[in-house]
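# Observations on the three-dimensional arrangement
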Amino acid sequence: MAVEELQSIIMRCQILEEQDFKEEDFGLFQLAGQRCIDEGHIEQLLEIIQNEKNKVIIKNMGWNLVGPVVRCLLWNKEDEKRKYYFLMLDLLVKLCNPKELLLGLLELIEEPSGKQISQIILLLLQPLQTVIQKLRNNKAYSVGLALSTLWSQLSLLPVPYSEEQIQTDDYGLCQCCKALIEFTKPFVEEVINDKENSLENENEKLKDELLKFCFKSLKCPLLTAQFFEQSKEAGNDPLRCFASEIIGFLSAIGHPFPKMIFNHGRKKRTWDYLEFEEEEDKQLADSMASLAYLVFVQGISIDQLPMVLSPSYLLQFNMGHIEVFLQRTEESVFSKGVDLLENGLLRIEDNSLLHQYLEIKSFLTVPQGLVKVMTLCPIETLRKKSLAMLQLYINKLDSQGKYTLFRCLLNTSNHSGVEAFIIQNIKNQIDFSLKGTHNNKWFTGPQLISLLDLVLFLPEGAETDLLQNSDRIMASLNLLRYLVIKDNEKDNQTGLWTELGRIENNFLKPLHTGLNMSKAHYEAEIKNSQENSQEVQKSKDLCSVTVGGEEIPNMPPEMQLKVLHSALFTFDLIESVLARVEELIEIKTKSAPEENIGIK
């Protein structure tokens, strides 16, 4: 019945001119063709499509059958008639109006979600490529529309994180990336071959669309993608192969990556992004950071870089990209910033990075970004690596650079452990200065005293939370103890003895008072907890204790007592170091200048 109905519609249309086809005819043709497919009359439908007499009708109306055919291929994977569906799809692509087909195929690609996205993309990429190549006008626009639609759908797929996920490729992203490269290659070759073509404007438009696609791909999936170790397996890494092809496309269409990354961020560029101006701060920054990582860390096409570039220059231009990575919250992204920083720092000799570089914003924001990773990242290996990179960064700076960075981090970190780490570095620099053959003005005398003002003080005086700031306080006391032992009052190289009175008033005395207050408070809490423990044990309930204005989470009485005793032990430890510092000061100030005090 459906076949007869379709033939009837076709016979009526055969006597009409192409321009006389009505909207009603298109609708009836689509309904009848759909019914033929639903009822399984595939072979008869194929005969109708292949009939030369129906050529004009199929050209104008046949694209309406693509959707039903594609859905049959997707849903009926075990159907014995699949070969006929494929044959029909090929015939429709060959015979139908390419403009209508293009829009129809892109609508089909936009329909699915989840794992079906990759299935339909893999099915339709080849037909889509064929259709675009048949277009005579506005090919650049059509290529751009297709690539944009494909990328938008691929960006919805989760990027595989582990090597196992890449190999299983559950959502088909890796397969799609490989197929997308094959889809794009003919258009890249067209740009290369048409460089001397008279249609220069169309060629430039095509280059522009390909450039936009490359930038989008650098951001997704390559910004978050993880890569195999650079070994024998690297060649089997589909995402790495995709990255390599994308970078190759950039060079092929006249935008080699050295030219791009060295001009990114300049006020006056030697190349144009074309329509990227509005997205530059958002999308483009991510894409360029991704490109820098792929080249410098993964080593893709790194042989294209000029060999004359100095390590400090490479670090300078990469710092902006590192900053972009560290501003992201995804572990797979900001970890690349840490890797890129390591790659740049390892090329530089210790103490050789000039302090003038810190006048560049990113040279201060990057270490601050590392501090955030160190203190907030839930993954221990990344926290440790960020700490190691911050130390490596400090090691590379010259003395004034170290001094400037220390001041910055002491003022911005707001974390006792980080401040303790910086104070330990300050102690190391003072030690180098005192042992060195030449005087380092940044870690002796007035400059050091200015830095010590940020170290030897309590933020809120005697009312400072000593437990929360215990790491910083212990590091400060150990630094002061070191200064008292190493610097004689007569020499006063560090300037400590001139400022001792101020240090005692601003740091030591308030610390004494704070310790007495804190110990009294915690001893009272321990006493209350012990008095109430018998009742709590009888009821077998959890209890809570308020410390420093904040309530400790509900926990068994034994655990709370353990926490309180641990705090008290911390205060005793601080008090013992404080007593030792004051003892050394008294000995130094009362003893003869030439007396030699041993260093513990």
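On a predicted model such as this, the values are computed, not experimentally measured, just so you know.

Regarding its fold elements, the protein chain presents 25 helices and 2 strands. Expressed as a percentage of its 600 residues, the buried residues of the protein chain come to 49%. Across the protein chain, every contact between residues at least 6 apart in sequence was considered, and the portion connecting residues at least 24 apart equals 72%. In the structure as shown, the protein chain presents an accessible area of about 30,300 Å², 49% of it carried by carbon and sulfur atoms.

Once that is clear, we can look at the environment of Gln 316. As for its position among the elements, Gln 316 is in helix H16 (residues 311-326). Given the relative accessible area of 33%, Gln 316 is considered partly exposed. Considering only alpha carbons, one finds Gln 316 and Ile 360, 44 residues apart in sequence, at a separation of 8.6 Å. Among residues more than four places away in sequence, those in contact with Gln 316 are Tyr 357, Ile 360 and Phe 363.

In a pair of packed helices, the angle between the axes and the distance between the axes together describe the arrangement. Remark: helix H20 (residues 399-412) packs on helix H22 (residues 445-452), axes separated minimally by 10 Å, with the N-to-C direction vectors making an angle of 15 degrees. Taken together, the axes of H20 and H22 lie roughly parallel to each other. Between H20 and H22 lies a crossing whose hand is left-handed. Taken together, the residues of H22 that come into contact with H20 (itself represented by Tyr 403, Phe 406, Arg 407 and Leu 410) are Gln 447, Ser 450 and Leu 451. A breakdown of the residues in the contact of H20 with H22 according to their chemical character gives 4 nonpolar, 2 polar and 1 charged.

It is the contact of helix H17 (residues 331-345) with helix H19 (residues 380-396), at a shortest axis distance of 10 Å, that shows an interaxial angle of 30 degrees. Between H17 and H19, the angle falls in the class roughly parallel. The crossing of H17 and H19 is left-handed. On H19, the residues that touch Glu 331, Phe 334, Ser 335, Val 338, Asp 339, Leu 341, Glu 342 and Leu 345 of H17 are Leu 382, Lys 385, Ser 386, Met 389, Leu 392, Tyr 393 and Lys 396. Looking at side-chain class alone, the contact of H17 with H19 contains 8 nonpolar, 2 polar and 5 charged residues.

Looking along the chain, the bond that leaves Cys 220 and enters Pro 221 is cis, with omega of 15 degrees. Residue position: Pro 221 is located in the loop between helix H12 (200-219) and helix H13 (238-252). At Asn 414, a residue that is not glycine, the phi angle is positive and equals roughly 50 degrees. Structurally, the position occupied by Asn 414 is in the loop between H20 and helix H21 (416-435).

With 16 residues, H16 extends 21 Å from end C-alpha to end C-alpha; this agrees with the ideal 22 Å at 1.5 Å per step. At Asn 318, H16 shows its strongest bend, of approximately 35 degrees. Of all the positions in H16, only Leu 314, Leu 315, Phe 317, Asn 318, Met 319, His 321, Ile 322, Glu 323, Val 324, Phe 325 and Leu 326 are classed as buried.

With that settled, consider the pattern of salt bridges. For the structure shown, the criterion picks out 22 salt bridges. Here Glu 209 makes a salt bridge to Lys 212, at a shortest N to O gap of 3.7 Å. Taken together, the positions of Glu 209 and Lys 212, both in helix H12 and 3 residues apart, correspond to about one turn of that helix. Grouping residues by exposure puts Glu 209 and Lys 212 together as buried. The salt bridge involving Glu 323 is made with Lys 361; its shortest N-O contact spans 2.9 Å. Here Glu 323, found in helix H16, pairs with Lys 361, found in the loop between H17 and helix H18 (362-376); they are 38 residues apart in sequence, far enough to count as distant. We classify Glu 323 as buried; its relative accessible area is 14%. Connected through salt bridges with shared partners, the residues Lys 219, Asp 286, Arg 328 and Glu 330 form a single ionic network.

A word on the nonpolar core. Most often, soluble globular proteins have nonpolar side chains that are buried together. With 187 residues, the main nonpolar core has Leu 128, Phe 183 and Leu 511 as its most contacted residues. A total of 11 residues in this core trace back to one element, the largest contributor, which is helix H25 (residues 557-590). Leu 128 has contacts with Leu 102, Leu 105, Leu 106, Ile 109, Ala 146, Leu 150 and Phe 183, leaving out every residue within four places of it along the chain.

Within this structure, the stated rule accounts for 0 disulfides. As a non-bridged cysteine, Cys 177 has Cys 174 as the owner of its nearest cysteine sulfur, 6.4 Å distant.

When pLDDT is averaged along the protein chain, the result is 86; 85% of the residues meet or exceed 70. In this model residues 267-271 is a low-confidence stretch, pLDDT under 50, and it forms 10 contacts with partners more than four residues away in sequence or in other chains.

It is worth spelling out the packing of aromatic side chains at this point. Within this structure, the stated rule accounts for 9 aromatic pairs. Grouped by ring-pair contacts, the aromatic residues Tyr 403, Phe 406, Trp 442 and Phe 443 constitute a single cluster. The aromatic ring of Tyr 171 is capped on one face by Lys 115, whose charged end is 5.5 Å from the ring centroid. The positively charged end of Lys 427 is found above the aromatic ring belonging to Tyr 482, 4.8 Å away from the centroid.

Attention now moves to the environment of Met 88. Relative to the helices and strands, Met 88 resides in helix H6 (residues 82-95). Expressed as a C-alpha distance, the spacing of Met 88 and Ile 42, which sit 46 residues apart in the sequence, is 8.5 Å. Discounting residues that sit within four places of it in the chain, Met 88 has contacts with Ile 42, Leu 45, Leu 46, Ile 49 and Val 69.

Cut-offs and rules
Residues numbered from 1 in each chain as written. Predicted model: local features only at pLDDT ≥ 70, side-chain atom pairs only at ≥ 80, totals over all residues. Heavy atoms only, no water. Helix = DSSP H or I, 4+ residues; strand = E, 2+ residues; numbered from the N terminus. Buried < 20%, exposed > 50% of the residue type's maximum accessible area, 1.4 Å probe, protein only. Contact = heavy atoms within 4.5 Å. Areas by Shrake-Rupley, 256 points an atom, 1.4 Å probe, with all protein chains shown as cover. Axes fitted to C-alpha atoms, helices over the stretch in contact; angles between N-to-C directions. Parallel < 35°, antiparallel > 145°, perpendicular 65-115°, else oblique. Left-handed = near helix turned anticlockwise from the far one by under 90°. Nonpolar A, V, L, I, M, F, W, Y, C, P; charged D, E, K, R; others polar. Expected span 1.5 Å × (residues − 1). Bend = angle between axes of the 7 residues up to and from the residue. Salt bridge = Lys/Arg side-chain N within 4 Å of Asp/Glu carboxyl O. Core = buried A, V, L, I, M, F, W, Y, C linked by side-chain atoms within 4.5 Å. Disulfide = S-S within 2.5 Å. pLDDT = per-residue confidence, 0-100. Phe/Tyr/Trp six-rings, centres within 6.5 Å; stacked < 30°, edge-to-face > 60°. Lys NZ or Arg CZ within 6 Å of the ring centre and 35° of its normal.

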